[in-house]
Structures are given as structure tokens and as C-alpha cells.
Amino acid sequence: MPRVPFEIRPARDEDRLPLALVFAAIAEERDGIATEPPVDVEARAASWTLEGTLVAVDGDEILGSVHVEASRHGFGELGMAVARDRRGQGVGSALLAAAIDWARENGLHKLSLGVFAHNAAAIALYRKFGFVEEGLRVKHYRRSSGELWDAIDMGLLL
Ligand SMILES: CC(C)(COP(=O)(O)OP(=O)(O)OC[C@H]1O[C@@H](n2cnc3c(N)ncnc32)[C@H](O)[C@@H]1OP(=O)(O)O)[C@@H](O)C(=O)NCCC(=O)NCCS
């Protein structure tokens, strides 16, 4: 059950800029998502793929989003993020549950994702929903610091 009031709905055109702003703020953390600053917010807003994007909203405020990029081969690649000050309140769980429903409704047989090996919160969330670890990509991501980060591939058969 949500611990704060919010709803999950498909993304709309007017969500583009707030989605890009939340994304840019999370990129500033340089921790959970692959993108690092600087984020071109206008370009990110314009290019956001609304199909397969669900948002968590509290009134006009976007708390987080999930995107499923459906492939032609029956699997979907999932990415998600929740605004820092709204984490730990069930928003990520609600988004992921809705994304799994969306994927099933759209005929996908599997969801896949990549997660940094140190991202304990995200890995716990994915495991909670039945995702299993399928592989480790060693020193896969070069960060602007020069560090090379491992990533774990996870998958959920639907
Ligand atoms: C990963 C993320 C989406 C989780 O969103 P959230 O709204 O905080 O998630 P929830 O509150 O629904 O918590 C879901 C589960 O995650 C786990 N979890 C959450 N925060 C955790 C933490 N700090 N440490 C360990 N596990 C944690 C718990 O298992 C929790 O389930 P529970 O509440 O039933 O115990 C969020 O932390 C985030 O956006 N991080 C930055 C971006 C990112 O890493 N995206 C994923 C890239 S692969």
C-alpha cells in the first residue's frame, strides 16, 4: 500500500519537461543511473519516449517514472527512477508493479534490465518482484571519475 498519496498513470506530452528535470536531478547523484551530468534538459524532454512510460504523480508533481522499451523479440528493457526525496515510500514498488502489468498487457514474455552492482536499493526492489540475476558485466561502465563499474543483468519471465 502507498505510504504517501500518489497515482500511477501513463505519461503524457506535458510530462516531458518535468520528467527530464527529475532525470537530470537523479543524474547529479552520479550513483544509480548511467547518465551523468550535464543533462541537456530540453533535448531530453523532446526525445522522451512516452510509449511505455508510466509516471507516479502527486497532483502536478512527478515523483518518479518507469519506462519499458518493447523490443521486436518479445522482451522489454526496463529503466526507472524515483526523485530522491520521495524514495522509500513505495513509489518504486508501485511503478514496477504497473510496468509488469503493462508489459503483460502488451504481450511481452520477459522484462530485462541492467543495474549497477552497488545499487542495493534497486536490486532489492527487483528481487522483491521476482527478477533474477542473469549475469555480471565486469567493469562495464566508465564513469566520468575514471572508475569502471560492474553491472548486473536481471530478468523477469512474465
Ligand atoms: C531504486 C528506486 C527506484 C527504488 O524506489 P523507491 O520508491 O525508493 O522504492 P520503494 O520505496 O518501493 O522500495 C522498494 C523496495 O526496495 C528496497 N529498498 C528501498 N530502499 C532501500 C535501501 N535504501 N536499501 C535496501 N533496500 C531498499 C526494499 O526491498 C523495498 O521494499 P519494502 O519497502 O517492501 O521493504 C530508487 O531508489 C531510485 O530511484 N534510485 C535512483 C535511481 C536508480 O537507481 N534507478 C534504478 C536504476 S537500475
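Model, not experiment: these values are computed from the prediction.

Details of the site of the ligand
Val82, Gly88, Gly92, Ser93 and Asn119 are the nearest of the 22 residues found near the ligand. Within the backbone of Gly92, an N or O atom sits 2.8 Å from an oxygen atom of the ligand. When isolated, the ligand has an accessible area of 930 Å², and the protein chains bury 73% of it. If you list the elements that add at least two residues to the shell around the ligand, you get strand E4 (75-82), helix H3 (91-105), strand E5 (110-116) and helix H4 (120-128). Looking at the shell around the ligand, the element that brings in the most residues is H4, giving 6 residues.

What about the nonpolar core?
The biggest cluster of nonpolar side chains holds 29 residues, and the ones touching the most others in it are Leu78, Met80, Leu96, Val115, Tyr126, Phe131 and Met154. Within the residue set of this core, elements represented by two or more residues are strand E2 (53-58), strand E3 (61-70), E4, H3, E5, H4 and strand E7 (148-157). No other element matches H3, which puts 8 residues into this core. Excluding residues that lie within four positions of it along the chain, Met154 makes contacts with Leu111, Ser112, Leu113, Val115, Ile123, Tyr126, Arg127, Phe131, Val132, Glu133 and Glu134. One finds Leu19, Val22, Val39 and Ala81 within the second-largest nonpolar core, a separate group that totals 18 residues.

Side note on the pairing of E5
Buried residues dominate E5, accounting for 6 of its 7 residues. Direction of pairing for E4 relative to E5: parallel, over a ladder of 3 bridges. By the bridge assignment, Phe75 is partnered in E5 with Lys110. Viewed along the sheet, the connection from E4 through H3 into E5 turns out right-handed. As paired strands, E5 and E7 are joined by 7 bridges and run antiparallel to one another. Among the inter-strand pairings, Ser112 is bridged to a residue of E7, identified as Gly155.

Let's talk about the sheet that holds E5
Strand order in this open sheet of 7 strands is E1-E2-E3-E4-E5-E7-E6, and the pairing throughout is mixed. Two strands close off the open sheet at either side, each with one partner strand: strand E1 (7-10) and strand E6 (132-142). Each adjacent strand pair in this sheet contributes to an overall mean axis angle of 25 degrees, direction not counted. Both E3 and E4 contribute to a ladder of 7 bridges, which runs antiparallel.

Considerations on the pattern of salt bridges
If you walk through the whole model with that rule in mind, you get 11 salt bridges. Of the charged contacts in the structure, one is a salt bridge between Glu36 and Arg143, with a shortest N-O distance of 3.7 Å. Residue Glu36 is found in the loop between helix H1 (16-28) and helix H2 (41-47), and its partner Arg143 is found in the loop between E6 and E7; the two are separated by 107 residues along the sequence. Under the relative-accessibility criterion, Glu36 is labelled buried at 17%. Arg86 is the salt-bridge partner of Asp58, the closest N and O atoms lying 3.2 Å from each other. Separated by 28 residues along the polypeptide, Asp58 in strand E2 and Arg86 in the loop between E4 and H3 bring together distant segments of the chain. Take Asp58: its relative accessible area is 30%, and that puts it in the partly exposed class.

Here we look at H3
Between its terminal C-alpha atoms H3 stretches 21 Å, which fits the 21 Å expected from 15 residues at 1.5 Å a residue. All of the buried residues along H3 are Val91, Gly92, Ser93, Leu95, Leu96, Ala98, Ala99, Ile100, Trp102 and Ala103. Residue Gly107 follows H3 closely and has a positive phi angle near 80 degrees.

Procedures and definitions
Residues numbered from 1 in each chain as written. Predicted model: local features only at pLDDT ≥ 70, side-chain atom pairs only at ≥ 80, totals over all residues. Heavy atoms only, no water. Near = heavy atom within 4 Å. Polar contact = N/O pair within 3.5 Å; in protein donor to acceptor, adjacent residues only side chain to side chain. Areas by Shrake-Rupley, 256 points an atom, 1.4 Å probe, with all protein chains shown as cover. Helix = DSSP H or I, 4+ residues; strand = E, 2+ residues; numbered from the N terminus. Core = buried A, V, L, I, M, F, W, Y, C linked by side-chain atoms within 4.5 Å. Buried < 20%, exposed > 50% of the residue type's maximum accessible area, 1.4 Å probe, protein only. Contact = heavy atoms within 4.5 Å. Pairing = 2+ DSSP bridges. Right-handed = clockwise from strand over helix to strand, strands pointing away. Axes fitted to C-alpha atoms, helices over the stretch in contact; angles between N-to-C directions. Salt bridge = Lys/Arg side-chain N within 4 Å of Asp/Glu carboxyl O. Expected span 1.5 Å × (residues − 1).

Geometry only, nothing functional implied.
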